[in-house]
Amino acid sequence: MRLQHKVAVITGGASGMGLATVRRFLHEGARVVIADYNAAAGAVVMEDLAGEGYEESVSFIQTDVAREPDIEAMLAHAESCFGGLDILFNNAGVGGAIGPLTETTIEDWDYTFDVLAKGVFLGIKHGARMMRAAARGGSIINTSSIAGLSGDGGPLVYSAAKAAVISLTQSAAVELAADRIRVNAICPGFIATPLADGGDPEATRRAFEKVQPWPEYGSGDHIAGAALFLASDDATFVTGEKLVVDGGLTAAGPELSKSFPKSSARNARVAGITRGSTGEAPSLRNL
Ligand SMILES: NC(=O)c1ccc[n+]([C@@H]2O[C@H](COP(=O)([O-])OP(=O)(O)OC[C@H]3O[C@@H](n4cnc5c(N)ncnc54)[C@H](O)[C@@H]3O)[C@@H](O)[C@H]2O)c1
């Protein structure tokens, strides 16, 4: 078991790749705090995990990663339940603002950056404080995206926020190296989760089959494996890295919107905010 005696906090752990990582880390012996906005989904997950025999090693706390008091409470919860923090996976996310650049409002921008970029910043800030105080090092992993690596790999604001996550990761890795706190990012490609499949996994799979070199499409387990490597002692000398996990999508060139002309921002007939798996309704307006 590669994570025995480790304590991990996973944001966005009630769904998708976060949940797959929760399961993998538990399987590898870690004790895990699931921090997610969606309390109803969290309750279902906790019941499932208790049925799988993990009752003693997992705990849920409702968290909005964009709120500093929530992040502090989330980490205090890890301390009180499991006695510390070794691994922090800042993974929570939503699609956020969609639609053309010229129709994007400040509210669309702020919501997206609050969850995707500020949430990661706050996680690093308070996670690093706690790890530094305990003086036993640690691993912080941030979910970016291949959308953050180039233009046109995803919606404009989402991509900008994911690029910010890469920059934050690199700066934090430099600043925290002396404390033996490693900070790395994962850049997933298309991963079949509720966030990415638009409610129609089959249609999305067929669309991606056209552009992704690897025959199978991405699953949460693929990201969980990458997170396990970055969390484990096998990655002791790895920090400031952005690990692309995308079935060769970026190797083939990520100009995804050319493959999906109907969904590109240029042709969009709708703008506004999508709120992913939070349980909150989107606010969209027709153009
Ligand atoms: N699925 C993909 O193809 C893909 C590709 C690249 C990057 N990502 C990123 O991966 C991460 C996980 O996404 P997923 O695909 O597993 O999606 P998902 O919708 O299955 O899970 C995301 C989880 O984050 C939670 N969340 C959303 N806003 C939150 C907030 N403010 N505070 C706390 N929790 C919040 C949701 O409730 C949900 O449980 C996200 O950061 C996403 O941007 C996904």
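Right above here is the structure, for reference.
Just so you know, these numbers come straight off a predicted model, no measurement behind them.

Caption draft 1: How the structure looks around the packing of helix α1 (residues 16-27) against helix α7 (residues 220-231). For the pair α1 and α7, the least separation of the axes is 8 Å and the interaxial angle reads 55 degrees. In terms of orientation, α1 and α7 fall into the oblique class. In this structure, the crossing between α1 and α7 has a hand that is right-handed. Counted together, Gly16, Met17, Leu19, Ala20, Thr21 and Arg24 of α1 and Gly220, Asp221, Ile223, Ala224, Ala227 and Leu228 of α7 form the full contact between these two elements. Taken together, the residues of the contact of α1 with α7 sort by class into seven nonpolar, three polar and two charged.

Caption draft 2: Representation of the sheet that holds strand β6 (residues 138-143) in the model. The seven strands lie next to each other as β3-β2-β1-β4-β6-β7-β8, forming an open sheet whose pairing is parallel. Lying at the two open borders of the sheet, with one neighbouring strand each, are β3 (58-62) and β8 (242-245). Mean inter-strand twist for the sheet, computed between neighbouring axes without regard to direction, equals 20 degrees. By the bridge criterion, three bridges tie strand β1 (residues 7-11) to strand β4 (residues 87-90) in an arrangement that is parallel. Its bridge partner lying in β4, isoleucine 10 is registered against phenylalanine 89.

Caption draft 3: The arrangement of the sheet that holds strand β10 (residues 283-286) in detail. Read from one edge of the open sheet, three strands run β5-β9-β10, paired in antiparallel fashion. Edge positions in the open sheet fall to β5 (96-98) and β10, since each of these has one partner strand only. Taking each pair of neighbouring strands and ignoring which way they run, the sheet shows an average axis angle of 5 degrees. The pairing of strand β9 (residues 270-274) with β10 spans four bridges and is antiparallel. The residue bridging valine 270 from the neighbouring strand is asparagine 286, located in β10. Most of the contacts of helix α4 (residues 106-134) go to β5, to which it runs at about 140 degrees, and overall it touches β5 and β9.

Caption draft 4: Representation of the site of the ligand within the structure. What surrounds the ligand is a group of 32 residues, the closest being Gly12, Gly16, Gly93, Leu195 and Ser277. The biggest single contributor to the shell around the ligand is α1, with three residues. Of the residues in the shell around the ligand, the class split is 15 nonpolar, 15 polar and two charged.

Caption draft 5: Spatial organisation of unusual backbone geometry. A positive phi is found at alanine 135, a non-glycine position, where the angle reads about 55 degrees. Within the secondary structure, alanine 135 sits in the loop between α4 and β6. With 8 C-beta atoms packed within 10 Å, alanine 135 lands in the exposed category. The phi dihedral of arginine 180 is positive, around 60 degrees, even though this residue is not glycine. Topologically, arginine 180 is positioned in the loop between α5 (156-176) and β7 (181-188).

Cut-offs used in this document
Residues numbered from 1 in each chain as written. Predicted model: local features only at pLDDT ≥ 70, side-chain atom pairs only at ≥ 80, totals over all residues. Axes fitted to C-alpha atoms, helices over the stretch in contact; angles between N-to-C directions. Helix = DSSP H or I, 4+ residues; strand = E, 2+ residues; numbered from the N terminus. Parallel < 35°, antiparallel > 145°, perpendicular 65-115°, else oblique. Left-handed = near helix turned anticlockwise from the far one by under 90°. Contact = placed C-beta atoms within 7 Å. Nonpolar A, V, L, I, M, F, W, Y, C, P; charged D, E, K, R; others polar. Pairing = 2+ DSSP bridges. Near = placed C-beta within 6 Å. Buried ≥ 20, exposed ≤ 12 C-beta atoms within 10 Å, placed from the backbone.

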